[in-house]
Amino acid sequence: MNLTRRAIAGTALLLGGLLTEGAANACAWEMLDSVRFTTNRGYDAPYDVVALISPYRERRELRGHSETAVRHEPDGGVDGGVTSPTPADSEFEKLRALYRAGRYLDAVKGVHDLLAQSPNSALAARAHRLSAIALYRLAVGAEWRGVATGDARAVGYLESAVLALVSARRFDTAGVLRRDLAHWQCGTLARLGRVSDALFACYEALRPDQDGTYDPGVLPSLRAVWALARLADEKALQARLEAPNVDPRLLAEYITHTVYARKKAAVLAKVFLSFVKRWASDRRVEVRPWVRLRLADLHHRAARYSDAEAAATRALTALNDAFPKSSMNGLSDLRLAVSRARAHALFVRGAARLHLRERSAAVADLEAYLATARPLEHEREARQGLAVLYEKAGRLFAAIEEYEALGYEADVGFLVDFVMKPSEIARYLAQRPNHKQRAKLRFSMGMHFARAGKFKEAEAAFRDAVPHLVDADDRARAEKAVSTYRELAALSPAKETDASLYAVGAFYYHQRRRIFWNPLLWPNGATTTVYSYAFFEDNPEDSRDHDRIRHYFERTNPLWRARESFLKLVKRFPKSELVPKALYSAATATLLLTTFSSYWRYRAACAGFARQARDLYQRVREEFPKHALAADAREWEEFAGKLPRSDRPRHCR
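Residues numbered from 1 in each chain as written. Predicted model: local features only at pLDDT ≥ 70, side-chain atom pairs only at ≥ 80, totals over all residues. Heavy atoms only, no water.

Thoughts on unusual backbone geometry
Then step 1. The backbone of R357 shows a phi angle near 65°, a positive value even though the residue is not glycine.
Then step 2. By the element assignment, R357 lies in the loop between α16 (332–355) and α17 (359–370). (Helix = DSSP H or I, 4+ residues; strand = E, 2+ residues; numbered from the N terminus.)

Structure below.
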């Protein structure tokens, strides 16, 4: 069952009956933090959930204007410690009525008169707050009426609102309105363009009370202000947060909520990470498991994989210490939230280790992540990483299963057609007798045998595969390929002769691109795909990769095989009358290979195919001057000699 915020709120109410209010709220908010993080839905919890989490707090009426950059609570409901009505209370209620009626300027004037009569009244904090909100509404109203944000009248209202909020905070000695006033300062300063001050006020509003409660209503405002931030604003904010007299809990809120609230800009992220590095050694701040987990995620996003691995390891340790299994008996929602957090830490650490080439450790982390109860947010990325790691470790069967789960047909085709041997395919099918692609894999075994010239084994595999192909197009392509191989088998007697070698070479030459590509794995040809997967200019890990790539492309290229057959004839039967035609045909096939594909252009540049073709044409002209092909050979020899010489690639083997 998915863990919803409403379910967490219900658990918090249960905890509220068992624990103190502060402990229940703190535990509930830890749970909410984990859910927001693992579901990647941000931090803007619905207000009904907030009310349920803290059932003893007054549920305020939340209104606002969609046009504003920040969401606010327009009027109080906080009693400010007043225990019995007074004339000042009655006057203040009239001012609130003016505010609710939209008569903001009258409300401001009334507050001024009230404070002039009773400057130190118990209502002073609330009165200043009401004045500030009314001034804010006047400024916003001016903007809505088409007045520019920088208009002197709107700016004047906002500046007056800031002064009123400062006064309200001065009179709020008990701290009853602390969070609310900081929230209003955040929005007002943001509209004035004082972004760093606005951010600081937002974090002040987020700073938890002593009982650990938060106000998630600030988070939409925080995201809106971060969208306005620049590098200078970030640095100014960090300078304020590092001041000796700053409450260290503000540091924790900055780290906790900035990861997902900030504007995603590379420069800002770099500055934030440098600050995080300094902050991590600050012993004044309690580092909660969720904070460590977010730090690990941030390091991973910034490609700082060593830091991500270390932070994720610390997060796992902190989660195990803070939430031992014995402490969660009967708390299924909390247990699930902690399990999701552990899973995410495993994913981050596994992904970081993959980049750090710590392969066995990465496999263990990613396998543990996938073993967690679904749904998993990063399941696809984890499978991708595991497939690559399995392939590197030679665990081809496991790699194929991951690629199949991902729907990566090209990757499966690459392993089956390029990496695996027929014996490995047979062993794979023996372990999975009901595999849905069994016919296609058996046909691929036949392709391997046909390329090696083992036509009897190929025929047996084809007979077992083709009738069981479900797709009509696949069956048609397979039957066409089988007929081609049967024709080739008829031209390949057990004892080779000069005539059979020439016939086989001619057969290969005229096939060009149509032979030896697996039509079921690569219906549109495989040159580009296999080349991009296997090309060794990017330094494969050992020389066996080079040999395997070379062998694969030579076995699947008809022009190369035609060239081999013609040159074999010349070597084994030097007195045959077919030698001049074989030399000429081998030269032509070599020349065509120089433009066959990306891989063969690379090979041609490394081995000098144009020069080889010229030398073969020269042999026809010099050794058989009276042959009918001698004149053509001279022309092609000159053509090959004039071809521009390409630079020899740096990674030639």
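That shown, we press on.
What to know about helix α24 (residues 472–490)
Then step 1. With 19 residues, α24 should cover 27 Å at 1.5 Å per step; its first-to-last C-alpha distance of 27 Å lies within 8% of that length.
Then step 2. In this fold, the buried residues of α24 make contact with α22 (438–451), α23 (455–465) and α25 (498–511). (Expected span 1.5 Å × (residues − 1). Contact = heavy atoms within 4.5 Å.)

What about the side chain of T372?
Then step 1. With respect to the secondary-structure elements, T372 resides in the loop between α17 and α18 (379–392).
Then step 2. A relative accessible area of 13% places T372 in the buried class.
Then step 3. Separated by 3.0 Å, the side chain of T372 and the backbone oxygen of Y369 make a polar contact.
Then step 4. With residues up to four places along the chain from it excluded, the contact list for T372 reads S339 and A343. (Buried < 20%, exposed > 50% of the residue type's maximum accessible area, 1.4 Å probe, protein only. Polar contact = N/O pair within 3.5 Å; in protein donor to acceptor, adjacent residues only side chain to side chain.)

Examining the packing of aromatic side chains
To describe a pair of aromatic rings, you give the distance between the ring centres and the angle between the ring planes.
Then step 1. A full pass over the atoms with the stated rule returns 19 aromatic pairs.
Then step 2. Where F462 meets Y485, the ring centres are 6.1 Å apart and the plane angle is 15°; that geometry is what we call stacked. One end of the pair, F462, is in helix α23; the other, Y485, is in helix α24, with 23 residues separating them in the sequence.
Then step 3. In this structure F462 comes out as buried when scored by relative accessible area, which is 4%.
Then step 4. Judged by centre distance (5.4 Å) and plane angle (85°), the ring pair of W636 and F639 falls under edge-to-face. With W636 and F639 both in helix α32 (residues 630–642) and three residues apart, this pair spans about one turn of that helix.
Then step 5. The exposure class of W636 is partly exposed, given its relative accessible area of 36%.
Then step 6. Given a relative accessible area of 41%, F639 falls into the partly exposed group.
Then step 7. By the ring-pair criterion, three or more aromatic residues cluster together here, those being F414, F418, W517, Y552 and F553.
Then step 8. Over the face of the ring belonging to F200 we find R240, whose NZ or CZ atom lies 3.9 Å from the ring centre.
Then step 9. For the cation-ring pair, R603 lies above W560, with the distance from its terminal atom to the ring centre recorded as 5.2 Å. (Phe/Tyr/Trp six-rings, centres within 6.5 Å; stacked < 30°, edge-to-face > 60°. Lys NZ or Arg CZ within 6 Å of the ring centre and 35° of its normal.)

A word on the state of the cysteines
Then step 1. Tallying each qualifying case throughout the model produces one disulfide.
Then step 2. In this model C186 forms its disulfide with C202; the gap between the sulfur atoms is 1.9 Å. Note that C186 is positioned in helix α8 (residues 178–191) and C202 in helix α9 (residues 195–206), a separation of 16 residues in sequence. Judged on exposure class, the residue C186 and its partner C202 are both buried. (Disulfide = S-S within 2.5 Å.)

Some words on the packing of helix α31 (residues 609–623) against α32
Packed helices, taken two at a time, are described by the angle between their axes plus the distance between the axes.
Then step 1. In the contact formed by α31 and α32, the axes pass within 8 Å of each other and the chain directions differ by 155°. Considering the angle they form, α31 stands roughly antiparallel to α32. In the crossing of α31 with α32, the sense of the turn from one axis to the other is left-handed. Contacts between α31 and α32 involve A610, R614, Y617, Q618, V620 and R621 from the first element and A630, A633, R634, W636, E637, A640 and G641 from the second.
Then step 2. Classifying every residue of the contact of α31 with α32 by side-chain character gives seven nonpolar, two polar and four charged. (Axes fitted to C-alpha atoms, helices over the stretch in contact; angles between N-to-C directions. Parallel < 35°, antiparallel > 145°, perpendicular 65-115°, else oblique. Left-handed = near helix turned anticlockwise from the far one by under 90°. Nonpolar A, V, L, I, M, F, W, Y, C, P; charged D, E, K, R; others polar.)

Considering the pattern of salt bridges
Then step 1. For the structure shown, the criterion picks out 28 salt bridges.
Then step 2. R304 is the partner of D307 in a salt bridge, and the nearest nitrogen-oxygen pair spans 2.8 Å.
Then step 3. In this structure, the salt-bridge partner of R603 is E554, at a minimum N-O distance of 3.1 Å. Of the two residues, R603 is situated in helix α30 (residues 598–607) and E554 in helix α27 (residues 543–556); the sequence distance between them amounts to 49 residues. (Salt bridge = Lys/Arg side-chain N within 4 Å of Asp/Glu carboxyl O.)

Remarks on the environment of R129
Then step 1. Structurally, R129 is set in helix α6 (residues 124–144).
Then step 2. Separated by 40 residues in sequence, R129 and R169 have C-alpha atoms that sit 8.6 Å apart.

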